[in-house]
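Residue strings, one per chain:
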Amino acid sequence: MRISKAYRGRTAAAVSLTAALALTATACGDDGSGGSGSEGSGKGQITLWDNNTGERRDIWAQIIKDFEKTYPDIDVKYVGVPIDQVQAKYDTAIDGGGLPDVGGVGTAYLSNLVVRDVLEPVGDRVEESSLKGKLVPTLVASVKAAGGRGDEMYSVPTSTNNGTLWYRTDLFSRAGLEAPTTWATFYAAAEKLTAAAKNEFGYTIRGGSGSIAPAMDAMYGQSGITSFWNGDKTTVNDPRNVAALEKYAALYKKVTPSADVNNDFIKMVAQWDNGSIGMLTHNLASYQDHVKALGPEKFKGLPFPTQEDGSRVQVSNPVDGLGLFKNSKNKAAAWKLIEFAASHKSNSAWNASAGSIPANIDAAADTWIQQAEPTGAAMEALSNGSTKIVNLPYYLPDWNTISKSGNEPNFQKVLLGDMTAKEFADKVAEELNAAQAEWKEQNKS
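Residues numbered from 1 in each chain as written. Predicted model: local features only at pLDDT ≥ 70, side-chain atom pairs only at ≥ 80, totals over all residues. Heavy atoms only, no water.

1. Comments concerning the packing of helix α10 (residues 212-223) against helix α11 (residues 239-249)
Right, so step 1: Direction vectors running N to C along α10 and α11 enclose 120°, while the axes themselves pass 8 Å from each other. What the angle tells us is that α10 and α11 run oblique. For the element pair α10 and α11, the recorded crossing hand is right-handed. Two secondary-structure elements touch here, α10 through P214, A215, A218, M219, Y220, Q222 and S223 and α11 through R240, N241, A244, L245, K247 and Y248.
Right, so step 2: Taken together, the residues of the contact of α10 with α11 break down into eight nonpolar, three polar and two charged. (Axes fitted to C-alpha atoms, helices over the stretch in contact; angles between N-to-C directions. Helix = DSSP H or I, 4+ residues; strand = E, 2+ residues; numbered from the N terminus. Parallel < 35°, antiparallel > 145°, perpendicular 65-115°, else oblique. Left-handed = near helix turned anticlockwise from the far one by under 90°. Contact = heavy atoms within 4.5 Å. Nonpolar A, V, L, I, M, F, W, Y, C, P; charged D, E, K, R; others polar.)

2. Focus on the pairing of strand β4 (residues 102-106)
Side-chain positions along a regular strand alternate between the two faces of the sheet.
Right, so step 1: For β4, the tally of buried residues reaches five of five residues, placing the bulk of the element in the interior.
Right, so step 2: Burial along β4 is two-sided: V102, G104 and G106 and G103 and V105, pointing in opposite directions, are all buried.
Right, so step 3: As paired strands, strand β2 (residues 44-50) and β4 are joined by two bridges and run parallel to one another. Across the sheet, W49 pairs through a bridge with G103, a residue of β4. (Buried < 20%, exposed > 50% of the residue type's maximum accessible area, 1.4 Å probe, protein only. Pairing = 2+ DSSP bridges.)

3. Re the packing of aromatic side chains
Any pair of aromatic rings gets described here by the distance separating the centres and the angle formed by the planes.
Right, so step 1: Applying the stated criterion across every chain yields a total of 21 aromatic pairs.
Right, so step 2: Note on Y167 and F172: the rings are 5.0 Å apart at their centroids and 65° apart in plane angle, and the pair reads as edge-to-face.
Right, so step 3: Note on Y167: relative accessible area 7%, which makes it buried.
Right, so step 4: These aromatic residues form a ring-pair network of at least three members: W183, F186, Y187, Y203 and Y248.
Right, so step 5: Above the plane of the ring of W49 lies K89, whose end atom (NZ or CZ) is 4.5 Å from the centre. (Phe/Tyr/Trp six-rings, centres within 6.5 Å; stacked < 30°, edge-to-face > 60°. Lys NZ or Arg CZ within 6 Å of the ring centre and 35° of its normal.)

4. With respect to helix α12 (residues 265-274)
Right, so step 1: Buried within α12 we find M268, V269, W272 and D273. One face of α12 carries all of its buried residues, which in axial projection span an arc of 130°. The exposed set on the far side of α12, more than 90 degrees from its buried face, consists of I266 and N274.
Right, so step 2: Here α12 starts with a cap whose side-chain oxygen sits 3.2 Å from the backbone nitrogen of I266, and that cap is D264. (Arc of directions from axis to C-beta. Polar contact = N/O pair within 3.5 Å; in protein donor to acceptor, adjacent residues only side chain to side chain.)

5. What to know about the sheet that holds strand β6 (residues 163-168)
Right, so step 1: Spatially, β7-β10-β6-β11 is the arrangement adopted by the four strands of the open sheet, whose pairing is mixed. Each having just a single partner strand, β7 (200-204) and β11 (299-303) make up the two edges of the open sheet. For this sheet, the mean angle separating the axes of adjacent strands, direction not counted, is 20°.
Right, so step 2: Bridge analysis of β6 against β11 gives five bridges, and the strand direction is antiparallel. Pairing of L165 across the sheet is with L302, part of β11.
Right, so step 3: Contacting β6, β7, β10 (276-283) and β11, α12 crosses the sheet at an angle of about 145° to β10.

6. Thoughts on the layout of surface pockets
Right, so step 1: Taken as a whole, the second largest pocket encloses approximately 290 Å³ of empty space.
Right, so step 2: Lining the second largest pocket we find 18 residues, and of these N112, Y394, Y395, L396 and P397 sit closest to its centre.
Right, so step 3: At the level of secondary structure, the elements contributing two or more residues to the lining of the second largest pocket comprise α4 (86-96), α5 (107-115), α18 (399-403) and α20 (421-442).
Right, so step 4: Ranked by residue count, the leading element in the lining of the second largest pocket is α5, at six residues.
Right, so step 5: Taken together, the residues of the lining of the second largest pocket sort by class into ten nonpolar, seven polar and one charged. (1 Å grid on protein atoms, 1.4 Å probe; cavity = no way out; pocket = protein on both sides within 12 Å on 5 of 7 lines; lining within 4 Å. Points joined across faces, edges and corners; volume = space filled by probe spheres on them.)

7. What about empty space enclosed by the protein?
Right, so step 1: For the structure shown, the criterion picks out three cavities of 30 Å³ or more.
Right, so step 2: The space that makes up the largest cavity amounts to roughly 100 Å³.
Right, so step 3: Lining the largest cavity are 14 residues; nearest its centre among them are W60, T158, G321, L322 and W350.
Right, so step 4: Grouping the amino acids of the lining of the largest cavity by side-chain chemistry returns six nonpolar, five polar and three charged.
Right, so step 5: Taken as a whole, the second largest cavity spans an internal volume of roughly 60 Å³.

8. Examining the pairing of β2
Right, so step 1: With five of seven residues buried, β2 is to be regarded as a mostly interior element.
Right, so step 2: In the classification by handedness, the crossover that spans β2, the intervening helix α3 (residues 53-70) and the parallel strand β3 (residues 74-80) is right-handed. (Right-handed = clockwise from strand over helix to strand, strands pointing away.)

9. Some remarks on the environment of A434
Right, so step 1: As for its position among the elements, A434 is in helix α20.
Right, so step 2: In the structure, A434 is positioned 121 residues away from V313 in sequence and 26 Å away in space, judged by C-alpha atoms.

10. Examining the packing of α5 against helix α7 (residues 137-147)
Right, so step 1: Taken N-terminus to C-terminus, the directions of α5 and α7 make an angle of 45°; their axes are 7 Å apart at the nearest point. Considering the angle they form, α5 stands oblique to α7. As α5 runs across α7, the sense of the crossing is right-handed. Of α7, the residues touching α5 (which contributes T107, L110, S111 and V114) are S142, V143, A146 and G147.
Right, so step 2: Considering only residue class, the contact of α5 with α7 consists of four nonpolar, four polar and no charged.

11. Brief notes about the side chain of T53
Right, so step 1: By secondary structure assignment, the location of T53 is in helix α3.
Right, so step 2: Taking the relative accessible area as the measure of exposure, T53 reaches 8% and is therefore buried.
Right, so step 3: Of the polar contacts made by the side chain of T53, one reaches the side chain of Y78; its length is 2.9 Å.
Right, so step 4: When residues no more than four places from it in sequence are discounted, the contact partners of T53 are Y78, G80, V81 and P82.

12. Remarks on the nonpolar core
Right, so step 1: In terms of nonpolar packing, the biggest core is built from 71 residues, with M216, F228 and Y248 touching the most fellow members.
Right, so step 2: No other element matches α20, which puts seven residues into this core.
Right, so step 3: Among residues more than four places away in sequence, those in contact with Y248 are Y187, Y203, I205, P214, A215, A218, Q222, T281 and F411.
Right, so step 4: By size, the runner-up hydrophobic cluster in this structure holds 53 residues, among which are I46, I63, L280 and A363. (Core = buried A, V, L, I, M, F, W, Y, C linked by side-chain atoms within 4.5 Å.)

What follows is the structure, encoded as structure tokens:
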């Protein structure tokens, strides 16, 4: 395994991006000029781009070492890319040459690569490989939806995160409360645990950066609506979702700290870890923060609450995966790497290192999953069919703007009572419907 010198540290990577692009332009991947590549001999050198080298460099080193031991005729050239530079790096390589054979591809930018016709469809390869029936169905559905080409897959899912309801078991026990497994018990617990005069609150709500996704989880989770679209119109402003948003937003200042209106996840997590707050919704990535602050005996994490009948609906989380690039001159060898990395042993080790949910269903029984109780619960919920996923339209070029900077200030207005839930939902829906219509017009062919 050889690691590009341009990536021997996060600082060096940031400074040397131009040099790294020049280096990889001559690598074994495609030259960005079009064409269909070839299967090749199944031997020789292939190039892998890791789309989050800051956190995954070491585990990829181990997987590549194991892979090259299993396939001694294949040599993997590793190129690490900082997570905040990966989309720009792909765009530059498409325009100027130098795409890899295999690359880490998240659903947030998958559609952009599909539209530019640089990824090989992998659905048939999965069906003809050892991965058939081994990938979590909800994650497969998410990558298909994010690709924007119907039922075709343009990446092999490797991991995901999951929205989690974290709750203080010590505070719940003291108040005589059961775990907040349903929306009804969640709201009841939030109220019972609040004593504002003592600076004790039942919940902390995300009102600052990144607030829209948890708000949508609360909307769809309570309404039970399982599709983001009804024909060409979004269901965001369905009356059931509006009613759910009204109920969720009404928690602010009633059972939450007033500072929540400006809190991003860093402030929100710190506030929960250091204060007397009963519940927090955030993804699994904050697990170790909670362990360090509280110890494992004072909290637990659950997938988002269910409805009274036990059904659970949640919006999709970004899914990471591996893409096979169309212009690779050695697709046979590149596919072997993807299949190996997504196999039980490698995928489990990769996700144990990253603290994420594995895409390979066989990992569910592994020791580390059982020991990381919130991760195990999330994987079970995603794998056993009990959870319905509302796939967010990551394929829309305007999605990030609409769901973040374009409407986060308006969600704050809802919390403060300066905008109604219906006005907020209608505005988001209007923008999404326009973006969907534009996308469909551009992709008629």
